[in-house]
Structures are given as structure tokens and as C-alpha cells.
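What follows is the residue order along each chain.
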Amino acid sequence: MRKGERILKKAFPERSEFSEEEIELAEKVIEAYLAPTPRSSALPTKYTDVGDILEIGGHRYECIVARRCSVPSEACSGCDFSRKYRNCSDVQCSPFDRRDGKFVWYKEVK
């Protein structure tokens with residue numbers, strides 16, 4: 001018995017048969033559910049030591065220690081990624097992401 005059919009039997013115990021289209025749809029749902037997490041929701045991977053330079057998209061940024069913010073809406077306020085509307089999804093800046101436990105911003109350097 002196919003996996004899609006087993007799922008459908010559990011979901012609809014009153015039915016004894018399912019069409020091929022129903023089984024295929026159930027299998028596609030299972031496949032989508034088990035698919036790897038989209039990149040946008042993955043944790044950031046680029047670590048930069050404080051004082052070092054990070055180059056992304058032809059721009060250079062210095063990693064600096066940021067002041068602690070009391071409200072989340074201020075967390076990115078001093079970072080040039082945020083202020084210049086640039087993508088920072090892979091860059092570690094939060095003490096929760098970084099191995100040194102520091103909160104950092106990135107300042108563009110020429």
C-alpha cells in the first residue's frame with residue numbers, strides 16, 4: 001500500500017477506496033511537508049569578528065559592537081544593511097546567532 005493511500009485511510013476511515021488522483025495529491029502534500037526548510041527561514045551563517053570587514057554584493061562593511069536596544073524595533077536602527085535596504089538574512093548580528101554572544105551592526109566602509 002502506498003504512503004498516500006495509508007494517509008487517506010487514516011483521514012477518511014469511512015472510505016475503502018481512493019482514486020489515483022487523490023492518492024497522488026496526498027503524496028504531493030507529504031512531499032511538500034517533508035521538504036527542506038526554505039532558505040529565508042534558516043538561521044544566518046556568515047560570522048564576522050568585531051572589527052573585521054565583510055564584503056557582500058560589492059560593498060564592504062565593518063562589524064562593530066552595537067548598543068543594546070530595549071525594544072526590538074530599534075535592533076537594526078544603526079546597521080547599514082537596514083538603513084540602506086540591503087539583504088542581511090545570512091549575516092549573524094544577534095547575540096543568539098553569534099558565537100561571541102555580542103550584538104553587532106555593520107557600517108559600510110569605502
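Residues numbered from 1 in each chain as written. Predicted model: local features only at pLDDT ≥ 70, side-chain atom pairs only at ≥ 80, totals over all residues. Heavy atoms only, no water.

1. Looking at the overall build of the protein chain
Scanning the protein chain from N- to C-terminus turns up three helices and three strands. The C-alpha atoms of the protein chain give a radius of gyration of 23 Å, which is well past the 13 Å a tight globule of 110 residues would have. For the protein chain, the C-alpha atoms occupy an extent of roughly 70 × 30 × 25 Å along the three principal directions. When the 110 residues of the protein chain are sorted by exposure, 25% land in the buried category. Taking all contacts inside the protein chain whose residues are at least 6 apart in sequence as the whole, residues at least 24 apart take part in 58%. When the accessible area of the protein chain is evaluated, it comes to approximately 8000 Å², of which 55% is carbon and sulfur surface. Computed over 20 positive and 19 negative side-chain charges, the inter-centroid distance for the protein chain is 8 Å. (Helix = DSSP H or I, 4+ residues; strand = E, 2+ residues; numbered from the N terminus. Rg over C-alpha atoms; globule rule 2.2 N^0.38 Å. Buried < 20%, exposed > 50% of the residue type's maximum accessible area, 1.4 Å probe, protein only. Contact = heavy atoms within 4.5 Å. Areas by Shrake-Rupley, 256 points an atom, 1.4 Å probe, with all protein chains shown as cover. Lys, Arg positive; Asp, Glu negative; His and termini not counted. Charge placed at Lys NZ, Arg CZ, Asp CG, Glu CD.)

2. Some points on the packing of aromatic side chains
This structure, assessed with the given rule, holds three aromatic pairs. Members of the aromatic cluster, each reached through a chain of ring pairs, are Tyr 61, Phe 81 and Tyr 106. Over the aromatic face of Tyr 47 sits the side chain of Arg 99, whose NZ or CZ is 3.7 Å from the ring centroid. (Phe/Tyr/Trp six-rings, centres within 6.5 Å; stacked < 30°, edge-to-face > 60°. Lys NZ or Arg CZ within 6 Å of the ring centre and 35° of its normal.)

3. Thoughts on the nonpolar core
Leu 54, Tyr 61, Cys 63, Ala 66, Cys 79, Phe 81, Val 91, Phe 103, Val 104, Trp 105 and Tyr 106 together form the largest nonpolar core, which totals 11 residues. Elements with a contribution of two residues or more to this core: β2 (59-65) and β3 (104-109). Apart from the residues lying within four places of it in its own chain, the contact partners of Leu 54 are Thr 48, His 59, Arg 60, Tyr 61, Phe 81, Val 91 and Tyr 106. (Core = buried A, V, L, I, M, F, W, Y, C linked by side-chain atoms within 4.5 Å.)

4. A short note on the state of the cysteines
Applying the stated criterion to the full structure yields zero disulfides. With no disulfide of its own, Cys 93 lies 5.8 Å from the sulfur of Cys 76, the closest cysteine sulfur. (Disulfide = S-S within 2.5 Å.)

5. A look at the pattern of salt bridges
Counting across every chain of the model gives five salt bridges. For the salt bridge of Arg 2 with Glu 27, the shortest nitrogen-to-oxygen distance reads 2.8 Å. Separated by 25 residues along the polypeptide, Arg 2 in the segment before α1 (3-11) and Glu 27 in helix α2 (residues 20-34) bring together distant segments of the chain. Between Asp 100 and Arg 98 there is a salt bridge, and its shortest N-O distance comes to 2.8 Å. Look at Arg 98 and you get buried, because its relative accessible area is 4%. Connected via shared salt-bridge partners are Arg 2, Glu 20 and Glu 27. (Salt bridge = Lys/Arg side-chain N within 4 Å of Asp/Glu carboxyl O.)

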